[in-house]
Amino acid sequence: MGIELFFICLALVLVPLTNGSLKKLFKTKFNNKWTLVGVAAGHLAIAYANIPKSRYDDLGFGILMGTYVLLIGFVVSNFSVKGIWLAFIGLCCNATVIALNLGMPVKSTAEFLPVQTIKHQTATSQDLLTPLSDIFVINRLKISISVGDIIFGVGIILMCFLLSRKSAKANNEEEYEL
């Protein structure tokens, strides 16, 4: 969930830098916000609950996929929100890879060895859809990201950018006020 939070923060920083309005962005009405509580709870459980390694493939995987179901449901219920469709594509890429491999395969390098978690596992030759897995290693940050992460991030940035713009009507009204 770390890279996703990075993209959300980046989007919030870019809004004012591109003459957007955070006030307009935060006025956006989203449907089914309650699902985000379940997503957060699931990610907190994965990160901090003492789930034994012997239960990663059933209990841990179930919680992880449950968070994806809730998050994808939230996004689908908000398809009318500008730009959210791109975040949907990124989420679906990640959910598909995780579902097929019982976790996200992570590429390892000489400088980067992934830590085995409920969500992440070292990539093997048996993995499916490896081009969509965590193949981009950022050694300095000691993280790896996937194509789905990048698409999701661009989608969040696009959505925030579009939602923070003043409407053409508002721009015309400002011209007449001067």
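So, a few notes on the structure that sits alongside this text. In this text, all values refer to a predicted model and were calculated from it rather than measured experimentally.

Quick notes on the rules
Residues numbered from 1 in each chain as written. Predicted model: local features only at pLDDT ≥ 70, side-chain atom pairs only at ≥ 80, totals over all residues. Heavy atoms only, no water. Core = buried A, V, L, I, M, F, W, Y, C linked by side-chain atoms within 4.5 Å. Buried < 20%, exposed > 50% of the residue type's maximum accessible area, 1.4 Å probe, protein only. Helix = DSSP H or I, 4+ residues; strand = E, 2+ residues; numbered from the N terminus. Contact = heavy atoms within 4.5 Å. Expected span 1.5 Å × (residues − 1). Arc of directions from axis to C-beta. Polar contact = N/O pair within 3.5 Å; in protein donor to acceptor, adjacent residues only side chain to side chain. Axes fitted to C-alpha atoms, helices over the stretch in contact; angles between N-to-C directions. Parallel < 35°, antiparallel > 145°, perpendicular 65-115°, else oblique. Left-handed = near helix turned anticlockwise from the far one by under 90°. Nonpolar A, V, L, I, M, F, W, Y, C, P; charged D, E, K, R; others polar.

**Some remarks on the nonpolar core**
Phase 1: Grouped together as the largest cluster of nonpolar side chains are 29 residues, with contacts concentrated most on Leu-91, Ile-98, Ile-156, Met-159 and Cys-160.
Phase 2: Broken down by secondary-structure element, the contributors of at least two residues to this core are α1 (2-17), α3 (34-48), α4 (56-77), α5 (84-101) and α6 (147-163).
Phase 3: In terms of residues, this core owes the most to one element, α4, which gives nine residues.
Phase 4: Setting aside its immediate chain neighbours within four residues, Cys-160 contacts Ala-11, Val-15 and Leu-25.

**Looking at α3**
Phase 1: Here α3 contains 15 residues, and its C-alpha end-to-end distance of 21 Å stays within 8% of the 21 Å for a straight helix at 1.5 Å per residue.
Phase 2: Listing the buried residues of α3 in full gives Thr-35, Val-39, Gly-42, His-43 and Ile-46. Projection of α3 onto a plane perpendicular to its axis shows the buried side chains occupying an angular sector of 95°, all on one side. Opposite the buried face of α3, at more than 90 degrees from it, the exposed residues are Trp-34, Val-37, Leu-44 and Tyr-48.
Phase 3: Against α4 lie the buried residues of α3.

**Concerning the side chain of Ser-144**
Phase 1: With respect to the helices and strands, the residue Ser-144 is situated in strand β4 (residues 143-146).
Phase 2: The class for Ser-144 is buried, based on a relative accessible area of 12%.
Phase 3: Looking at Ser-144, its side chain comes within polar contact range of the side chain of Asp-134, at 3.4 Å.

**Quick word on unusual backbone geometry**
Phase 1: In this structure, Asn-19 is a non-glycine residue whose phi angle is positive, near 60°.
Phase 2: When its relative accessible area of 72% is taken as the criterion, Asn-19 is described as exposed.

**A short note on the packing of α3 against α4**
Phase 1: For the pair α3 and α4, the least separation of the axes is 9 Å and the interaxial angle reads 155°. Here α3 is positioned roughly antiparallel relative to α4, judged by the angle of their axes. The chirality of how α3 crosses α4 is left-handed. Residues Trp-34, Thr-35, Leu-36, Gly-38, Val-39, Gly-42, His-43 and Ile-46 of α3 form the contact with α4, whose participating residues are Gly-60, Ile-63, Leu-64, Thr-67, Leu-70, Leu-71 and Phe-74.
Phase 2: Each residue belonging to the contact of α3 with α4 can be placed in one class, and the counts come to nine nonpolar, six polar and no charged.

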